[in-house]
Amino acid sequence: MRYLITGTAGFIGFHLAKRLLDDGHFVVGFDGMTPYYDIKLKEKRVAILSRSNGFKAVTGMLEDQEALEKAAELAEPEVIIHLAAQAGVRYSLENPRSYIDSNVVGSFNVLDLAKRLRPKHLLLASTSSVYGANEKIPFAEADKADEQMTIYAATKKSMELMAHSYAHLFRVPTTAFRFFTVYGPWGRPDMALFKFVDAIRDDRAIDIYGQGQMSRDFTYVDDLVEGIIRLCNVIPSEDNRVSPEIVEDSLSKDAPFRVVNIGGGQPVELLKFVEIIELAMGKPAIRNMLPMQPGDVCRTYAAADLLEALTGFRPAIGVEEGVRRFVEWHQQHC
Ligand SMILES: NC(=O)c1ccc[n+]([C@@H]2O[C@H](COP(=O)([O-])OP(=O)(O)OC[C@H]3O[C@@H](n4cnc5c(N)ncnc54)[C@H](O)[C@@H]3O)[C@@H](O)[C@H]2O)c1
């Protein structure tokens, strides 16, 4: 299959592209190599992907429609997977405009490209953050999710809304996945696991927000990639609507559009997470207990039933094993 993937220099795009290339597919990777975190890490990821003959890298910004068109010409994609984004919840308080540019304008450009190219399936990365401070747990796709707490979440929800309207108007089958705190080797240095492991190694204190009471549904990156690849083959249509006796499907009644969580449904409290890291590193952390930050939510918790009904798969790698693998990678590469 021929894939166009945006965000291949990033953490998740790298792992997804690597898996598809290992499986013998052709991938054009589009990425702006933005300086949100160390570009050297992005360059290393791209260098690994470039060892494969099936990979072509195109450097460009989502906001630049011509650059996207060039990547599309090279790819002639059957499937488009849009992962590039300004990620990070906290940074959206400091620099909201970069989220509008990348996630709203940039995502619109990807939708417009798909309208013209008509791939078999367009898949987009959204986030558990769109559930905001929802109190009903676990978070299910059919739940109301209209009260986002940050501009990051609001831009992702905006992308989902634009994608629904385009799927309705132009009939490109579209799946928006909502990812839940993804972690693993080659991960993001701005995320808690990477920061904590760096700090513990260097005998620095770690900032624990919400007095450690917040919980997150952590998803190991290999599980996430498995979920994405399986969902590529589940093209939203009335033919595969899941029976309401099994689970409430989020498939739109007006468009070939569906939202699907990818998360394991096993939230872990932050303090417990720190203990797991200490165990994996064989070293205690120095804890700096802090209150919750503006925009933080108390918990994320995925309902994984729709994913399982559609794909037969549910994330299975536990956080102890996942953190152990991350720490092993960190010791070798950082
Ligand atoms: N990692 C997580 O826990 C998580 C959770 C929920 C959702 N997501 C979403 O998954 C996707 C991938 O996240 P990630 O963790 O791999 O992040 P990442 O920052 O590692 O990767 C994103 C990539 O997109 C590129 N990019 C950013 N803005 C761009 C632009 N305007 N034009 C072109 N390229 C641009 C960056 O250079 C980067 O390589 C994002 O859409 C993110 O919002 C991630």
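Here the residue numbering is sequential within each chain, running from 1 through the sequence in written order. Thresholds applied to this predicted model are a pLDDT of at least 70 for local features of residues and 80 or more for the giving and counting of side-chain atom pairs; totals over whole chains, interfaces and linings are not thresholded and use all residues. Side-chain calculation: all heavy atoms of the structure are included, whereas hydrogens and water are not.

**Some thoughts on the environment of Ala199**
So, point 1. Along the chain, Ala199 turns up in helix α7 (residues 192-201).
So, point 2. Sequence-distant contacts of Ala199, that is, excluding residues within four places in its chain, are made with Arg204, Ala205 and Ile206. Numbered from the N terminus, helices here are DSSP runs of H or I no shorter than four residues, and strands are runs of E no shorter than two. We call two residues contacting when some pair of their heavy atoms lies within 4.5 Å.

**Considerations on the site of the ligand**
So, point 1. Each residue is tested against the molecule or strand, and it is near if at least one of its non-hydrogen atoms lies within 4 Å. Inspection of the region around the ligand gives 30 residues, with Asp31, Tyr37, Tyr152, Lys156 and Val182 positioned closest.
So, point 2. Ile12 is positioned with one of its backbone polar atoms (N or O) 2.8 Å from an oxygen atom of the ligand.
So, point 3. Lys42 is positioned such that a nitrogen or oxygen atom in its side chain is 2.9 Å from an oxygen atom of the ligand.
So, point 4. For the accessible areas, the method is Shrake-Rupley and the probe is 1.4 Å, while residue cover comes only from the protein chains on display. When the ligand is considered free in solution it has 820 Å² of accessible area, and contact with the protein chains removes 97% of it.
So, point 5. When contributions to the shell around the ligand are tallied by element, the ones reaching two or more residues are α1 (11-22), β5 (121-127) and α6 (151-170). Pairs of N or O atoms are called polar contacts if they sit within 3.5 Å, as long as, within protein, a hydrogen donor faces a hydrogen acceptor (for residues adjacent in sequence, only side-chain-to-side-chain pairs).

**Some points on the domain arrangement of the chain**
So, point 1. The split into domains, and so the bounds of each, comes from an automatic or database assignment of domains. Domain assignment breaks the chain into domain 1 (2-180 + 219-262) and domain 2 (183-216 + 266-301 + 313-333).
So, point 2. Each of domain 1 and domain 2 has a C-alpha centre, and the two are 25 Å apart.
So, point 3. If you look at the interface, domain 1 gives 31 residues, while domain 2 gives 23 residues.
So, point 4. Taken together, the two surfaces of domain 1 and domain 2 that pack against each other cover about 2,500 Å², and 66% of this comes from carbon and sulfur.
So, point 5. Any carboxyl oxygen of Asp or Glu within 4 Å of a side-chain nitrogen of Lys or Arg constitutes a salt bridge here. Joining domain 1 to domain 2, the criterion identifies two salt bridges.
So, point 6. Linking Asp296 and Arg90 is a salt bridge whose minimum nitrogen-to-oxygen distance equals 3.0 Å.
So, point 7. Summed over the shared surface of domain 1 and domain 2, the number is ten residue pairs in polar contact (both at pLDDT 80 or more).
So, point 8. When contributions to the side of domain 1 that touches domain 2 are tallied by element, the ones reaching two or more residues are α1, α2 (39-49), β10 (219-220) and α8 (221-232). Here the quantity called buried area is the accessible surface, traced with a 1.4 Å probe, that two parts lose on coming together, added over both.

**A closer look at a negative patch on the surface**
So, point 1. Together, Glu63, Asp64, Glu66 and Asp101 line one region of the surface with negative charge.
So, point 2. Topologically, Glu66 is positioned in helix α3 (residues 65-75).
So, point 3. Burial classes follow relative accessibility: with a 1.4 Å probe on protein chains only, a residue under 20% of its type's maximum area counts as buried, one over 50% as exposed, and anything between as partly exposed. Judged by its relative accessible area of 62%, Glu66 falls in the exposed class. Nonpolar side chains (Val, Leu, Ile, Met, Phe, Trp, Tyr) are joined into patches within 5 Å and like charges within 9 Å, using only residues with over 30% relative accessible area and no salt bridge. The charged-residue count follows a simple rule in which Lys and Arg add positive charge and Asp and Glu add negative charge, with His and chain termini not counted at all. Charge placement uses NZ in Lys and CZ in Arg. For Asp and Glu, CG and CD serve respectively.

**A few points about the environment of Ala47**
So, point 1. Mapped onto the secondary structure, Ala47 falls in helix α2.
So, point 2. With ten residues separating them along the chain, Ala47 and Ala57 place their C-alpha atoms 9.7 Å apart.

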